[in-house]
Amino acid sequence: MGKIISIVNQKGGVGKTTTAVNLAAAVGMEGKKVLLVDADPQGNTTSGYGINKKKVALTSYDLLIGKATADKALVKTEFKNVDVVPASIDLAAAEVDLIEIERREAQLKMALSTVRESYDYIFIDCPPSLGLITVNALNASDTVIVPIQCEYFALEGLSQLMATVRQVKRLYNPTLELEGIILTMFDGRLNLTHQVVAEIKKYFANKLYKTPIPRAVRLSEAPSYGMPIQYYDKRSKGASAYTDLAKEFLKKNRRM
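Computed from a predicted structure; not experimentally measured. (Residues numbered from 1 in each chain as written. Predicted model: local features only at pLDDT ≥ 70, side-chain atom pairs only at ≥ 80, totals over all residues. Heavy atoms only, no water.)

(A) Spatial organisation of the overall build of the chain. Along its length, the chain carries 12 helices and 7 strands. Computed over the C-alpha atoms, the radius of gyration of the chain is 17 Å, within 12% of the 18 Å expected from 2.2 N^0.38 for a compact globule of 256 residues. For the chain, the spread of C-alpha atoms along the principal axes amounts to about 50 × 40 × 35 Å. When the 256 residues of the chain are sorted by exposure, 56% land in the buried category. (Helix = DSSP H or I, 4+ residues; strand = E, 2+ residues; numbered from the N terminus. Rg over C-alpha atoms; globule rule 2.2 N^0.38 Å. Buried < 20%, exposed > 50% of the residue type's maximum accessible area, 1.4 Å probe, protein only.)

This is the structure in structure tokens:
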């Protein structure tokens, strides 16, 4: 049975979608079958895989309102072992539409049940908020990955997010756990970076991935070409970092 992992941070611009796109691709390159669910109305994960949002018939919005299951909405990509459930701007209305639906917090979980046996890992790229879409993702997930930018307000946001995770665990999903924390936009030359890392280690030492993701121009360029970094420039710092992260992620999961 495939493991479902939400990639979450309510703060925008922390490398959440970059991590979703490139970690999924790197895990696929390691021989694991991956489904990537774009649950962010901005649809950047969809674009990051070169999928034209205007041409897809079904999206994650249809999963959330109970109109389709994941097996009907997924798109096969040209990238090794990775399929995508795309998103479109319709998803922005999901928060309102879900209010009218019974068991609104479990819609995504039910929609993904049709494909769980077919994949090793299912990653969900969540929106930069802690609303009903994110609650659906957390309810559907086994674990949570949190990308964190090494900056002053990162820890404040992390404590807020972990409070939401605990609440979802208490109300809906008692087995939900923290998979790990990824340091993004990492610059080891800055004192602030080391201060943030030290603080995170105080509270989450065993959950912090050893592989940080550096600031890298090629990582920023890759989405405009509709490719994960490993396919856009496999020799770049960003590709190397996400490959190492995927190996660390898989090694941890083998141990578990």
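Having seen the structure, we can now continue with the description.
(B) Geometry of the pattern of salt bridges. A full pass over the atoms with the stated rule returns 10 salt bridges. Lys-72 is paired through a salt bridge with Asp-71; the nearest N and O atoms lie 3.2 Å apart. By relative accessible area, which is 34% here, Asp-71 ends up partly exposed. Between Asp-142 and Arg-116 there is a salt bridge; the shortest N-O distance is 2.5 Å. Linking Asp-142 in the loop between helix 7 (132–140) and strand 6 (143–149) with Arg-116 in the loop between helix 6 (107–112) and strand 5 (121–125), this pair joins segments that are 26 residues apart in sequence. A network of salt bridges, in which partner residues are shared, links Lys-16, Asp-40 and Asp-125. (Salt bridge = Lys/Arg side-chain N within 4 Å of Asp/Glu carboxyl O.)

(C) Inspection of the pairing of strand 2 (residues 34–38) at higher detail. Of all the 5 residues making up strand 2, 5 are buried; the element is thus mostly covered by neighbouring parts of the structure. Because side chains alternate across strand 2, one face comprises the buried residues Val-34, Leu-36 and Asp-38, and the other comprises Leu-35 and Val-37, equally buried. Here 4 bridges tie strand 2 to strand 4 (residues 82–85), and the two strands are oriented parallel to one another. By the bridge assignment, Leu-35 is partnered in strand 4 with Asp-83. Where strand 2 lies against strand 5, 5 bridges are found, and the strand directions are parallel. Within strand 5, the position partnered with Leu-35 by the bridge is Ile-122. (Pairing = 2+ DSSP bridges.)

(D) Inspection of unusual backbone geometry at higher detail. One non-glycine residue, Asn-81, lies in the positive phi region at around 65°. Note that Asn-81 resides in the loop between strand 3 (75–76) and strand 4. At Arg-103, a position not held by glycine, the phi torsion is positive, near 50°. Within the secondary structure layout, Arg-103 lies in the loop between helix 5 (94–98) and helix 6.

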